[in-house]
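Chain and residue survey
Each chain, written out:
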Amino acid sequence: MSFAIYMLGFLIMIGGLIYGAVLLHVAPHWIAVGGLILLGLAILKGVRSTRGKDPSN
């Protein structure tokens, strides 16, 4: 559940950044590239932050 909340917050942030880029008249292909990079970072950080400890250690 915490991963879903983490991703929801990150998606809201990415949406705000994309909206700001549109208002600044950034080219659409650069907006798409930036959005994909941020989405990838969100997934990596979300998995790392919400992953449980290994019980064998």
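To be clear, the structure that these remarks concern was listed above.
Residues numbered from 1 in each chain as written. Predicted model: local features only at pLDDT ≥ 70, side-chain atom pairs only at ≥ 80, totals over all residues. Heavy atoms only, no water.

In this section: the overall build of the chain. Tallying secondary structure elements over the chain gives two helices and zero strands in all. Overall, the C-alpha framework of the chain stretches about 50 × 15 × 10 Å when taken along its three principal axes. Counting only residues that meet the buried cut, the chain has 14% of its 57 residues in that class. For the chain, the exposed area adds up to about 4600 Å²; of that, 74% sits on carbon and sulfur atoms. (Helix = DSSP H or I, 4+ residues; strand = E, 2+ residues; numbered from the N terminus. Buried < 20%, exposed > 50% of the residue type's maximum accessible area, 1.4 Å probe, protein only. Areas by Shrake-Rupley, 256 points an atom, 1.4 Å probe, with all protein chains shown as cover.)

Here the focus is a nonpolar patch on the surface. A cluster of nonpolar side chains, Leu24, Val26, Trp30, Val33, Ile37, Leu41 and Leu44, forms an exposed patch at the surface whose accessible area comes to about 720 Å². Counting through the fold element by element, Val26 comes out in the loop between helix H1 (2-23) and helix H2 (28-50). (Patch = residues over 30% accessible without salt bridge, like charges linked within 9 Å, V, L, I, M, F, W, Y side chains within 5 Å. Salt bridge = Lys/Arg side-chain N within 4 Å of Asp/Glu carboxyl O.)

Where like charges cluster on the molecular surface, the positive patch consists of Lys45, Arg48, Arg51 and Lys53. Here Lys53 is to be found in the segment after H2. Lys53 gets classed as exposed once you look at its relative accessible area, which sits at 81%. (Lys, Arg positive; Asp, Glu negative; His and termini not counted. Charge placed at Lys NZ, Arg CZ, Asp CG, Glu CD.)

This part takes up unusual backbone geometry. Negative phi values dominate among residues other than glycine, just as trans dominates among peptide bonds. A positive phi angle is found at His25, which is not glycine, with a value near 60°. Take His25: it is sitting in the loop between H1 and H2. Note on His25: relative accessible area 73%, which makes it exposed.

This part takes up the packing of aromatic side chains. If you walk through the whole model with that rule in mind, you get one aromatic pair. Between Tyr6 and Phe10, the aromatic rings sit 5.9 Å apart at their centres with planes inclined by 40°, giving tilted as the arrangement. Remark: Phe10 and Tyr6 occur in helix H1; sequence separation between them is four residues, near one turn of the helix. What makes Tyr6 partly exposed here is its relative accessible area of 24%. (Phe/Tyr/Trp six-rings, centres within 6.5 Å; stacked < 30°, edge-to-face > 60°.)

Keep in mind these values describe shape, not function.
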